[in-house]
Amino acid sequence: MRIILAGTGSAVGKTTIATGIMKALSEKYNVQPFKVGPDYIDPSYHTLATGNVSRNLDSFFMKEGQVRDSYLKGMKGKDIAIIEGVRGLYEGIDSVNDIGSTASIAKSLNAPVILIINSRSLVKSAAAIVLGFKALDPEINIAGVILNKVKNKAHYEKTKRSIEEITKVEVIGGIVRDNNISIEQRHLGLVPARERENSLKFIDLWSEVIKNSIDLDRLVEIAKTAPKITSDITPIWNKLNKQPVKIGVAYDEVFNFYYKENIESLEANNAKIEYFSPLNDEELPDVDGLYIGGGYPELFSKELNANQNMLSQIKNFHLEDRPIFAECGGLMYLMNSIHEDKMVNVYPYKSILTDRVQALKYTIAEVTQDNIISKKGEKFHGHEFHYSKVLVDKNNIENDLAFNILRGKGSYNNQDGFMKRNTLASYVHTHVAAMPNFGGNLCISSLELGG
């Protein structure tokens, strides 16, 4: 069973509705959550709501067969998939094609779509919206509608009648306006559930609202109409390494932006994952290589600076030529400082948080030098989203960079991937589907260089 919850645009309430549905259905079903697009924050709410790690599906990172492979891997042992879309149903990287859109995932998985509409001040016009979304691409099965932000029961009933009589699409629920069920925002989007106090209390609230507002039995019936997936499958990672290896993964309140498949690709290449906290632990685990993902180190810079034992141990790990791969927030952590707070100082540059977004884009990168995760000449897709920047220019640049950024911005002069010894740090977030040798290469590098 599977269903996609798609919006007519951003800010229609997809995440609160999707998370509430996931939580409510989890009382009866083993729910596997998914999120369309390059997002770490919405999935953190999904994961808390269901107890299952939410996974990302993205047609810019993934070929069609990889979308299906990732979906089927996630669905092992699960009953139903609830897939939250990104932005509007048809929004992608291009104004004409489907790449990067929720619609592309609906096609790859042959999944029915529930359209979520912000129905404030709309009645008959809501029917026009549904008709337009249906007509734009007849391959998309818009099987139901949820009305968000209705004024009252009378408003809901009038709008429901208009949509159902004019468009022949059923309305399966309506949610009355209530600012108490909105989610706090931050500079990278929603506040991560892992960090938010009382997250479970709010998720429980959303679940109760959903149970009182939406016909969940009908939603499940629609999910059951999705046919069995029989189209071709393309593996999202390659298995290159057969020898046991230990990889330390930074995971705590600060660093928690990881794609589940990236970790699984390491495990598929015989890695034992040892999680550690740069914030709270005084010692690194006994490992052969390190992976430091993204997060919000700029909000914890003083606390990270206070953990001098961890800073010095990671610096020594680097000086011993053992492999370290860092993305975005991890890159900041390896710099000389975040604002005035000293960090690991693998690289001699200062990183700062700015008032405006520095990069928000899908990226395409070309590898210009062999490194611990990729080989010269390869190209891969990724994404960048950050308000911080590294203060590096032609007068102080000391490091080689591993990637030319063909689409996007990068860290310096349309380049990214700071290299020093066997440490690599980049603002580009990678997904193993776009770099299938990622897990194998990092494991092999860690065996050869870090053992």
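Whatever comes next refers back to the structure up there.
In short, a report on the structure. (Residues numbered from 1 in each chain as written. Predicted model: local features only at pLDDT ≥ 70, side-chain atom pairs only at ≥ 80, totals over all residues. Heavy atoms only, no water.)

Considerations on unusual backbone geometry
Non-glycine residue N110 carries a positive phi angle of around 50°. Here N110 shows up in the loop between α4 (102–109) and β5 (113–118). Taking the relative accessible area as the measure of exposure, N110 reaches 49% and is therefore partly exposed. Backbone geometry at K149 places phi at a positive 60°, although glycine is not the residue there. Note that K149 resides in strand β6 (residues 142–150). (Helix = DSSP H or I, 4+ residues; strand = E, 2+ residues; numbered from the N terminus. Buried < 20%, exposed > 50% of the residue type's maximum accessible area, 1.4 Å probe, protein only.)

Section: the environment of K420
Mapped onto the fold, K420 is located in strand β23 (residues 415–420). Taking relative accessible area as the criterion, K420 reaches 31% and is therefore assigned partly exposed. A C-alpha to C-alpha distance of 9.9 Å links K420 and I324, two positions 96 residues apart in sequence. Apart from the residues lying within four places of it in its own chain, the contact partners of K420 are H318, V346, Y347 and N399. Side-chain polar atoms of K420 contact the backbone oxygen of V346, separated by 3.1 Å. (Contact = heavy atoms within 4.5 Å. Polar contact = N/O pair within 3.5 Å; in protein donor to acceptor, adjacent residues only side chain to side chain.)

A few points about the sheet that holds strand β21 (residues 388–390)
The sheet built from four strands is open, its strands ordered β17-β16-β18-β21 with mixed pairing. Among the strands making up the open sheet, the edge pair consists of β17 (341–342) and β21. (Pairing = 2+ DSSP bridges.)

Points about helix α9 (residues 260–268)
Residues of α9 that are buried: E261, N262, I263, E264, S265 and L266. One or two residues past the end of α9 sits N270, with phi positive at roughly 70°.

Brief notes about the packing of α9 against helix α13 (residues 438–450)
Packing of α9 against α13 brings their axes to within 8 Å, and their N-to-C directions diverge by 50°. Classified by the angle between their axes, α9 and α13 sit oblique to one another. As α9 packs across α13, the resulting crossing turns out to be right-handed. Here N262, S265 and L266 of α9 lie close against α13, whose contacting residues are F438, G439, L442 and C443. (Axes fitted to C-alpha atoms, helices over the stretch in contact; angles between N-to-C directions. Parallel < 35°, antiparallel > 145°, perpendicular 65-115°, else oblique. Left-handed = near helix turned anticlockwise from the far one by under 90°.)

Details of the environment of E264
With respect to the secondary-structure elements, E264 resides in helix α9. Taking the C-alpha atoms as reference, E264 lies 27 Å from V346; in sequence the two are 82 residues apart. Those residues in contact with E264 that sit more than four places away from it in its chain are R55 and W237. In terms of polar contacts, E264 uses its side chain to reach the side chain of R55, at 2.6 Å.

Things to note about the packing of aromatic side chains
Going through the model one piece at a time under the given rule, you end up with 20 aromatic pairs. Here a set of aromatic residues connected by ring pairs shows up, and it is made of Y40, F60, F61, F257, Y259, Y296 and Y362. Sitting over the face of the ring of W237, K73 holds its NZ or CZ atom 4.9 Å from the ring centroid. (Phe/Tyr/Trp six-rings, centres within 6.5 Å; stacked < 30°, edge-to-face > 60°. Lys NZ or Arg CZ within 6 Å of the ring centre and 35° of its normal.)

Overview of the pattern of salt bridges
By the definition in use, this model includes 21 salt bridges. Note that E264 is salt-bridged to R55, the shortest N-O span being 2.6 Å. Pair noted here: E264 is in helix α9 and R55 is in strand β3 (residues 55–57), with a separation of 209 residues, a long-range link. A salt bridge links K246 to D286, with the nearest nitrogen and oxygen atoms 3.2 Å apart. Placement of K246 in strand β10 (residues 245–250) and of D286 in the loop between β12 (271–276) and β13 (289–292) is noted, with a sequence separation of 40 residues between them. By relative accessible area, K246 is classed as partly exposed at 27%. D286 gets classed as exposed once you look at its relative accessible area, which sits at 58%. Connected through shared salt-bridge partners, E27, E208 and K211 make up one network. (Salt bridge = Lys/Arg side-chain N within 4 Å of Asp/Glu carboxyl O.)

Quick notes on helix α5 (residues 124–136)
Given a rise of 1.5 Å per residue, 13 residues ought to cover 18 Å, and the 19 Å separating the end C-alpha atoms of α5 matches this to within 8%. When α5 is considered as a whole, its buried residues turn out to be A126, A127, V130 and F133. For α5, the arc enclosing every buried residue in end-on projection is 125°, short of the 170-degree limit, so these residues lie on one face. For α5, the exposed residues lying more than 90 degrees away from the buried face are K124, A135 and L136. Buried residues along α5 sit against β1 (2–7), β5, β6 and α6 (153–167). (Expected span 1.5 Å × (residues − 1). Arc of directions from axis to C-beta.)

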